[in-house]
Amino acid sequence: MKFGTFITSQRPERIAANIRKAEECGFESAWIGEHLILPVEYTSKYPYSPDGRFPASFDVPFHDPMLALAFVAGVTKTIKLATGIFVVPLRNPITTAKSVASLDVLSNGRVIFGVGVGWFAEEFAVTRASFSDRALRTREYIELMKTLWIAEDPIYEGKTFAVKGVRFYPKPVQQPHPPIVVGGTSDLAIKRAVCYGDGWYA
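Just so it is clear, the model here is predicted, and its values are computed rather than measured.

Draft legend 1. Structural detail: the packing of aromatic side chains. Applying the stated criterion to the full structure yields 14 aromatic pairs. Arranged with centres 5.4 Å apart and planes meeting at 85 degrees, the rings of tyrosine 46 and tyrosine 48 form a pair that is edge-to-face. By relative accessible area, which is 17% here, tyrosine 46 ends up buried. Looking at tyrosine 48, the relative accessible area reads 45%, which means it is partly exposed. Between phenylalanine 113 and tryptophan 149 the ring centres are 6.2 Å apart and the planes differ by 80 degrees, which places this aromatic pair in the edge-to-face class. One end of the pair, phenylalanine 113, is in strand E5 (residues 111–116); the other, tryptophan 149, is in helix H5 (residues 134–150), and 36 residues separate them in sequence. Of note, arginine 134 hangs over the ring of phenylalanine 131, and the distance from its end group to the ring centre comes to 3.8 Å. The ring of tyrosine 169 carries the charged tip of lysine 171 above its face, separated from the ring centre by 5.2 Å.

Rendered as structure tokens:
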């Protein structure tokens, strides 16, 4: 059995000390949650609490996950670096693919890419990202990112994104790509995990 831990501290010295200790104790992976921004007033239902309310304080310091994991990569040697989870449809997929590939190269192949479609409609609204088609975009963005990571001459044509006539480097160290762990407990999330994932984040 493998064990993971979460990055919950804000200060760099605490993050470094905690994850070094986890690595020393044999933990397999260090995971980090994320939100770009937290609207204080909302009607969205958080799917993992009985009352539908987000369980954390709105003052929780959610670091940018890729930057935080890059920092952890620099102060550790073996522990895997995992997003738990990364809200894929909030961001440009090429930017995300570049961040994941760069982190995998700079960490010598230690990335686990945990992904999800997101639940917080108000967060999507603030960031000007479409909420209604987030599942479609997540699926296509994952397909696109895999293409960018694997193909020397990446070509992708979807309903929401298309690329051709480009080159994309660096390629991830892990081949064909870093493991993708799909989050969510709905039937559709389980189907996404089966179709596009290497694991499931409950």
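Draft legend 2. View of the pattern of salt bridges. Here the structure, examined in full by the defined rule, presents 5 salt bridges. Between glutamate 24 and lysine 21 there is a salt bridge, with the nearest N and O atoms lying 3.4 Å from each other. Placement of both glutamate 24 and lysine 21 in helix H1 (residues 12–24) is noted, with a separation of 3 residues, approximately one turn of the helix. Here aspartate 133 and arginine 137 are joined by a salt bridge, their closest N and O atoms 2.9 Å apart. When its relative accessible area of 7% is taken as the criterion, arginine 137 is described as buried.

Draft legend 3. Just the layout of surface pockets, in detail. Taken as a whole, the largest pocket encloses approximately 860 Å³ of empty space. At the level of secondary structure, the elements contributing two or more residues to the lining of the largest pocket comprise helix H4 (121–126), H5 and helix H6 (187–196). It is H6 that contributes the most residues to the lining of the largest pocket, 3 residues altogether. Class assignment for the residues of the lining of the largest pocket results in 24 nonpolar, 12 polar and 4 charged.

Draft legend 4. How the structure looks around empty space enclosed by the protein. Throughout the structure, instances matching the rule amount to 1 cavity of 30 Å³ or more. Approximately 30 Å³ is the volume found for the largest cavity. Val115, Gly116, Val117, Thr138, Ile142, Val182, Gly183 and Arg192 together form the lining of the largest cavity. Mapped onto the lining of the largest cavity, the elements with two or more residues apiece are E5, H5 and strand E8 (180–183). In the lining of the largest cavity, the residues fall into 4 nonpolar, 3 polar and 1 charged.

Draft legend 5. Quick look at the packing of helix H2 (residues 65–75) against helix H3 (residues 93–106). Direction vectors running N to C along H2 and H3 enclose 5 degrees, while the axes themselves pass 10 Å from each other. Relative to H3, the element H2 lies roughly parallel. Here Met66, Leu69 and Ala70 of H2 lie close against H3, whose contacting residues are Ser99, Val100 and Leu103.

Draft legend 6. Just H3, in detail. Here H3 contains 14 residues, and its C-alpha end-to-end distance of 20 Å stays within 8% of the 20 Å for a straight helix at 1.5 Å per residue. When we look at burial in H3, the residues that qualify are Pro93, Thr96, Ala97, Val100, Ala101, Leu103 and Asp104. Buried residues along H3 cover an arc of 160 degrees about the axis, so they all sit on one side. Its side-chain oxygen placed 2.8 Å from the backbone nitrogen of isoleucine 94, asparagine 92 serves as the N-cap of H3.

Cut-offs and rules
Per chain, the residues get numbers from 1 upward, laid out in the order the sequence is written. The predicted nature of this model means local features are confined to residues of pLDDT at least 70 and side-chain atom pairs, given and counted, to a pLDDT of 80 or more, with totals for whole chains, interfaces and linings taken over all residues. Excluded from the side-chain calculations are hydrogens and water; all other atoms, namely the structure's heavy atoms, are used. Note on aromatic contacts: the rings of Phe and Tyr and the six-membered ring of Trp form a pair at centre separations within 6.5 Å, being stacked when their planes are under 30 degrees apart, edge-to-face when over 60 apart, and tilted otherwise. Note on classification: 1.4 Å probe, protein chains only; a residue is buried when its accessible area is under 20% of the maximum for its type, exposed when over 50%, partly exposed between these limits. Only DSSP runs of H or I with at least four residues qualify as helices, and only runs of E with at least two residues qualify as strands; both kinds are numbered from the N terminus onward. Charge-over-ring placement is defined geometrically: NZ (Lys) or CZ (Arg) within 6 Å of the ring centre, and within 35 degrees of the ring normal. Here a salt bridge means any side-chain nitrogen of Lys or Arg lying within 4 Å of a carboxyl oxygen belonging to Asp or Glu. Using protein atoms alone on a 1 Å grid, points that fit a 1.4 Å probe yet trap it form a cavity, whereas open point sets bounded by protein on both sides within 12 Å along at least five of seven lines form a pocket; residues with an atom within 4 Å of a point count as lining. Grid points are joined across faces, edges and corners, and a volume is the space filled by probe spheres set on the points. Following the grouping adopted for this structure description, the nonpolar residues are Ala, Val, Leu, Ile, Met, Phe, Trp, Tyr, Cys and Pro, the charged ones are Asp, Glu, Lys and Arg, and the polar ones are all others, Gly among them. All axes are obtained by fitting lines to C-alpha atoms, using only the stretch in contact for helices, and the reported angles, taken between N-to-C directions, cover 0 to 180 degrees. Geometric relationships in this document are graded by angle, where less than 35 degrees denotes roughly parallel, more than 145 denotes roughly antiparallel, 65 to 115 denotes roughly perpendicular, and other angles denote oblique. Throughout, a contact is declared for two residues whenever any of their heavy atoms are within 4.5 Å. What a helix should span is 1.5 Å times the count of its residues minus one. The directions considered for the arc run from the helix axis to the C-beta atoms. Distance and chemistry together define a polar contact, namely a pair of N or O atoms within 3.5 Å, with one atom able to donate a hydrogen and the other to accept it when in protein, and with adjacent residues in sequence counting only for side-chain atoms on both sides.

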